[in-house]
Amino acid sequence: MTTSTQQTSAKHYSTCTLCEAMCGIEVTTEVLDNENLITAIAGDKNNPFSQGHVCPKAKALKDLYDDKDRVRHPLKKVGDKWQQIEWDEALDLVAENIHKIQKKHGLNAFGTYLGNPNAHNYGAILFGPYFFRTLQSFNRFSATSVDQLPHHIVSLKLFGHQNQIPITDIDNTDYFMIIGGNPLASNGSIMTVPYVKKRLKAIQQKGGKVVVIDPKKTETADVSSEHHFIVPGTDALLMLAMLNSLFSQNLCKADNILPLADGLLDVEKYVDAYPPERVAKLVGIAADDIHRMVKEFAQAESASCYGRMGASVQRFGTLTQYLIMLFNMLTGNLDKKGGMMFTQPAADYLPHSGRGSIAKGKTRVRGLPSFGGEYPVSALAEEILTPGDGQIKGMILGAGNPVLTTPNGPQLDKAFEQLEFLVAVDFYIGESSRHADVILPPVTALERDHYDIVFHKFAVRNSAKFSPAVFPMSDDKRSDWQIYLSLAEKLEIQRAKDSSSASGQMDETEAAIKQKYQPLWDKKPSGVVDDLLKSGRYANGEHNLSLQTLIDNPHGIDLGELQPNLPDALFTQSKTIELSIDYFMPDIKRVEAFFFGAQASDESLLLIGRRHLKSNNSWLHNSKRMVKDSARCTAQIHPLDAQNHDIENGQDITIASRVGEINIAAEVTDKVMPGVVCVPHGWGHDKKGIQLEHAQSIAGVSCNDLTDEMVLDELSGNAVLNGVPVNIRPA
Ligand SMILES: Nc1nc2c(c(=O)[nH]1)N[C@H]1C(S)=C(S)[C@@H](COP(=O)(O)OP(=O)(O)OC[C@H]3O[C@@H](n4cnc5c(=O)[nH]c(N)nc54)[C@H](O)[C@@H]3O)O[C@H]1N2
Ligand SMILES: Nc1nc2c(c(=O)[nH]1)N[C@H]1C(S)=C(S)[C@@H](COP(=O)(O)OP(=O)(O)OC[C@H]3O[C@@H](n4cnc5c(=O)[nH]c(N)nc54)[C@H](O)[C@@H]3O)O[C@H]1N2
Ligand code: SF4
Ligand SMILES: [Mo]
């Protein structure tokens, strides 16, 4: 038999972008009958940073590429059907509609929501802003306010830049305290750390300790030296008590940091009222254990206290992160080997990016302050649903699925339904993008070039790596950055057309706008990274870094351990650490009222979230390899709570909150603390009109049908997704 089949195989060294760990991967591709295929994905053993490590999700990059449900061409909704259209027509249609809405209702009538995958997409990060600035709308929202916003506020205030966040020096630490993080499932967050399990074991093998504080005995707790249950949402109390104990046991040793942090020892008087004995019962950790942990932490050669999702996305998340930072500082562990250190990236965008801002604007309906030019996403639905001047009438969703990922998802689902125009930059017709009028689908991760502009900055070692796209880009495909740059250009042209329609000068104006954008098209995101590398700290000397150096070293380059970097790392005008006690400490009053005030006692159970190694927020459930059935979408409850509520393992239960109810199978396990209900997020794929065949068949339910958009961490506007009061009963 003869065929025209031509088969050429190639190996590419790339980076997995599905989580923050930046694992190096070896991707094998083939061209078969003119079709580009991915045939294998494995860990890249020669990558100096990840050394061959990958988790099962790496292979999902292939599933994503192959997925028959993935949108490959722009789509326009006609009635309730999708119609395929050309890129130019789609981009024009979007620009026209944005302009129409802004002209009729004002610039703020067009809102934006940016989701998590943008952080893993340097094109979107570097070129998206051209579009968002052109849009000139204050109604900007993102997943930041269901996530790491407290970290940004603490870093902005103390160190002068929202992204100057210190990272655990995990390979050198003698005592690692993890509060509300589960890196064995998440693979680390605001701590880019491939192969975290091996590194946690190494700490213990050299005689150090890993201590986990979590309402669940997680996979991470299972490999730790010590785990303590904590009542969800009480971490601020715990930190107040730990600081109190540090002073009462005379264990402060902050000589290294005192000259830079005026007033650090004044912290004592703010924590005076919180001895461990006073909070122990509320927190669920014995006072003796708190005193002992503080002593061991303070006396360790080096130590790092790290708080993540569980500590941030809760009622007192910002205060908690602030107190964690003070605890690191007062034990001499900031900017110290084995403590919390500032990564020094090769392509350093910090000096070139916004340092952050607080309360530059307020939301129209609830008057919530902005942070970093964005409003809390908890306020998004009401800004769409509440009539009046400034109401949001149109939106762009960029790589986000807020119907499943933000509090009171069903309300937002309704709100999206009533928009005049919605555009989704997304390659799936999912729970949020199904409401779109136009879908602009970018290529998937391996089809675009990649540099981890965000996560190199949060890595546990200094390193740099550039990954070329594994396939050449064809004319019928677009990257996120190209979509945003086109939209910026086309929106400007729309506006110009409108104002020059009378004068007849349009051809010249359009040419001038195109000319203005041409240098950006020529530069591309890789050109920006090249500039940053060549003006960066490793440009000369041993490493001589430029884009070309990275292309010549396809496995990436190790730039060494984290190094002490104060005061250089500071962006504050005073070049000192500005403790901003007057900003943070008044929140203690709210803590006091909440836990010790009149209506403090409540019989509710407390809802928390969980992540699974083979899921990624709301969007990997269409891969059969990642998820076979919905067996993972359960409500974990403690045997005592099951008994109290007449619930058996596997039985369907109803969980109810102020916002809504869900029905879900109970999983009775002593891995969760009594009084806690643990439900993963990102499920609930049973909505009409989505096109994710496998995900739909294993739909599960969304825990954000329960979370409350009206309860916020008031210091930041961050959502409260952990410690949500709920009731349970047999369904
Ligand atoms: N209850 C509860 N809720 C939570 C959390 C929790 O712990 N508990 N976690 C919160 C956290 S930390 C986060 S970050 C948010 C995430 O919330 P979101 O960012 O809103 O949601 P994702 O599930 O990440 O949705 C990503 C979307 O982007 C699309 N996408 C994927 N890759 C790309 C790409 O390269 N380009 C484009 N244009 N689109 C792409 C996917 O198809 C999907 O539709 O969820 C939050 N929600
Ligand atoms: N496999 C996988 N990896 C991921 C993701 C994913 O969805 N799947 N998402 C990525 C994203 S967007 C992020 S932001 C990171 C998050 O990274 P992590 O923060 O490590 O993620 P979680 O697994 O949500 O861990 C939060 C932990 O906090 C605990 N917790 C809940 N409430 C409280 C509380 O009140 N106090 C304390 N002390 N603990 C509490 C939970 O039980 C849980 O173990 O993971 C990233 N990596
Ligand atoms: S840990 Fe898994 S998902 Fe994260 S970068 Fe590595 S392979 Fe990808
Ligand atoms: Mo996140």
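Residues numbered from 1 in each chain as written. Chains lettered and ligands numbered in written order. Predicted model: local features only at pLDDT ≥ 70, side-chain atom pairs only at ≥ 80, totals over all residues. Heavy atoms only, no water.

It is worth spelling out the nonpolar core at this point. Formed by 147 residues in total, the largest nonpolar core has its most connected members in Y322, Y451 and I577. Ranked by residue count, the leading element in this core is helix 8 (residues 235-248), at 10 residues. Residues lining this core come from more than one domain, with at least three contributed by each of domain 2 (75-146 + 358-513) and domain 3 (167-341 + 571-584). Not counting residues up to four positions away in its chain, the partners in contact with I577 are L158, F159, I257, L260, A261, D262, M329, L334, L566 and L570. Among the nonpolar cores identified, the runner-up in size contains 38 residues, and I25, C633, A635 and I653 belong to it. (Core = buried A, V, L, I, M, F, W, Y, C linked by side-chain atoms within 4.5 Å. Buried < 20%, exposed > 50% of the residue type's maximum accessible area, 1.4 Å probe, protein only. Helix = DSSP H or I, 4+ residues; strand = E, 2+ residues; numbered from the N terminus. Domains from an automatic or database assignment. Contact = heavy atoms within 4.5 Å.)

Time to look at the pattern of salt bridges. Applying the stated criterion across every chain, the model contains 37 salt bridges. In this structure, E26 and K11 form a salt bridge, with 3.9 Å as the shortest nitrogen-oxygen distance. A residue pair is termed long-range when its members are at least 10 positions apart, and E26 in strand 2 (residues 24-32) and K11 in strand 1 (residues 7-15) qualify at 15 residues. One network of salt bridges, in which partners are shared, links K209, E226, D289, R292 and E296. (Salt bridge = Lys/Arg side-chain N within 4 Å of Asp/Glu carboxyl O.)

Here the focus is the side chain of H291. Residue placement: H291 occurs in helix 11 (residues 287-299). Reaching out from H291, the side chain makes a polar contact with the side chain of S245 at a distance of 2.8 Å. Of the polar contacts made by the side chain of H291, one reaches the side chain of E277; its length is 2.8 Å. (Polar contact = N/O pair within 3.5 Å; in protein donor to acceptor, adjacent residues only side chain to side chain.)

In the region of ligand 2, 32 residues are neighbours, and D214, G233, D235, S615 and N617 sit closest. Here an oxygen atom of ligand 2 sits 3.4 Å away from a polar atom, N or O, in the main chain of G180. A distance of 3.3 Å separates a nitrogen atom of ligand 2 from a polar atom in the backbone of L613. Mapped by element, the contributors of at least two residues to the shell around ligand 2 are helix 5 (183-186) and helix 12 (309-312). Taken together, the residues of the shell around ligand 2 break down into 10 nonpolar, 15 polar and 7 charged. (Near = heavy atom within 4 Å. Nonpolar A, V, L, I, M, F, W, Y, C, P; charged D, E, K, R; others polar.)

Our focus in this paragraph is the packing of helix 10 (residues 276-283) against helix 11. The geometry of helix 10 relative to helix 11 is characterised by a closest axis approach of 8 Å and an angle of 115° between their N-to-C directions. With respect to each other, helix 10 and helix 11 are oriented roughly perpendicular. Residues P276, E277, V279 and A280 of helix 10 touch helix 11, and the partners they reach there are A287, I290 and H291. In terms of residue class, the contact of helix 10 with helix 11 is made up of 5 nonpolar, 1 polar and 1 charged. (Axes fitted to C-alpha atoms, helices over the stretch in contact; angles between N-to-C directions. Parallel < 35°, antiparallel > 145°, perpendicular 65-115°, else oblique.)

What follows covers the sheet that holds strand 4 (residues 75-78). Strand order in this open sheet of 7 strands is 5-4-18-17-16-6-7, and the pairing throughout is mixed. Across the chains shown, the open sheet's two edge strands, defined by having one partner strand only, are strand 5 (81-84) and strand 7 (140-142). Within the sheet, the average angular offset between the axes of one strand and its neighbour, ignoring direction, is 20°. Taken together, the 4 bridges between strand 4 and strand 5 define a ladder with antiparallel strand orientation. In the strand pairing of strand 5, K76 is matched with Q83. With respect to the sheet, helix 2 (residues 87-105) is in contact with strand 4, strand 6 (110-114), strand 16 (394-398), strand 17 (421-425) and strand 18 (438-440), its orientation differing from that of strand 18 by roughly 125°. (Pairing = 2+ DSSP bridges.)

Attention now moves to the domain arrangement of the protein chain. Here the protein chain is partitioned into domain 1 (7-66), domain 2 (75-146 + 358-513), domain 3 (167-341 + 571-584) and domain 4 (600-730). Placing the centre of domain 1 and that of domain 2 at their C-alpha centroids yields a distance of 28 Å. Taken together, the contact between domain 1 and domain 2 spans 22 residues of the former and 21 residues of the latter. Ranking the residues of domain 1 by area buried against domain 2 places T17, M22 and L64 at the top, with a combined share of 32%. Between domain 1 and domain 2 we count 0 salt bridges in total. Counting residues per element, the ones that place at least two in the side of domain 1 that touches domain 2 are strand 1, strand 2, strand 3 (35-43) and helix 1 (60-66). Broken down by class, the residue content of the side of domain 1 that touches domain 2 amounts to 13 nonpolar, 8 polar and 1 charged. (Buried area = accessible area lost by both parts, 1.4 Å probe.)

We now examine the site of ligand 1. In the vicinity of ligand 1 there are 29 residues, among which Y113, N116, T405, D426 and S618 approach most closely. S618 places a side-chain nitrogen or oxygen 2.5 Å from an oxygen atom of ligand 1. Within the side chain of H681, one N or O atom sits 3.4 Å away from a nitrogen atom of ligand 1. When ligand 1 is considered free in solution it has 930 Å² of accessible area, and contact with the protein chains removes 96% of it. Of the residues assigned to the shell around ligand 1, the class counts are 14 nonpolar, 10 polar and 5 charged. Three or more residues apiece are contributed to the shell around ligand 1 by two domains, here domain 2 (75-146 + 358-513) and domain 4 (600-730). (Areas by Shrake-Rupley, 256 points an atom, 1.4 Å probe, with all protein chains shown as cover.)

Let's shift gears to helix 17 (residues 480-500). The end-to-end C-alpha distance of helix 17, which contains 21 residues, comes to 30 Å, matching closely the 30 Å that a straight helix rising 1.5 Å per residue would cover. The buried fraction of helix 17 amounts to 18 of the 21 residues, a majority that puts the element mostly inside the structure. (Expected span 1.5 Å × (residues − 1).)

The peptide bond linking L566 to P567 adopts the cis configuration, its omega dihedral lying at 5°. In this structure, D335 takes a positive phi of about 65° despite not being glycine.

Further remarks concern the sheet that holds strand 10 (residues 209-213). The strand order across the open sheet built from 4 strands is 11-10-9-12, with neighbouring strands paired in parallel fashion. Among the strands making up the open sheet, the edge pair consists of strand 11 (226-228) and strand 12 (304-307). The mean inter-strand angle of the sheet, taken between neighbouring strand axes irrespective of direction, is 15°. Note: strand 9 (residues 175-179) against strand 10, 5 bridges, orientation parallel. Paired with I179 across the bridge in strand 10 is I213. Those strands touched by helix 11 are strand 9, strand 10, strand 11 and strand 12, and its axis lies near 140° from that of strand 11.

The next point concerns the packing of aromatic side chains. Aromatic ring pairs are described here by two measures, namely the spacing of the ring centres and the angle between the planes. Tallied over the entire structure, the rule returns 19 aromatic pairs. Note on F159 and F342: the rings are 5.1 Å apart at their centroids and 85° apart in plane angle, and the pair reads as edge-to-face. Of this pair, F159 sits in helix 4 (residues 149-159) while F342 sits in the loop between strand 13 (340-341) and strand 14 (358-362), and the two are 183 residues apart along the sequence. You can call F342 buried: its relative accessible area is 0%. Cluster of aromatic residues (ring-pair linked, three or more members): F127, Y130, W481 and W521. Between R133 and the ring centre of Y130, over which it is positioned, the NZ or CZ distance is 5.3 Å. (Phe/Tyr/Trp six-rings, centres within 6.5 Å; stacked < 30°, edge-to-face > 60°. Lys NZ or Arg CZ within 6 Å of the ring centre and 35° of its normal.)

With respect to the secondary-structure elements, E383 resides in helix 14 (residues 380-385). Separated by 2.9 Å, the side chain of E383 and the backbone nitrogen of V365 make a polar contact. Beyond its immediate stretch of four places on either side in the chain, E383 contacts F141, T363, R364, V365, R366, Q391 and I392.

Within the element layout of this structure, G689 appears in the loop between strand 27 (676-678) and helix 23 (693-697). G689 sits in the partly exposed class, given a relative accessible area of 45%. Sequence separation between G689 and H435 is 254 residues; the distance between their C-alpha atoms is 8.5 Å. Excluding residues within four positions of it along the chain, G689 makes contact with I429 and R434.

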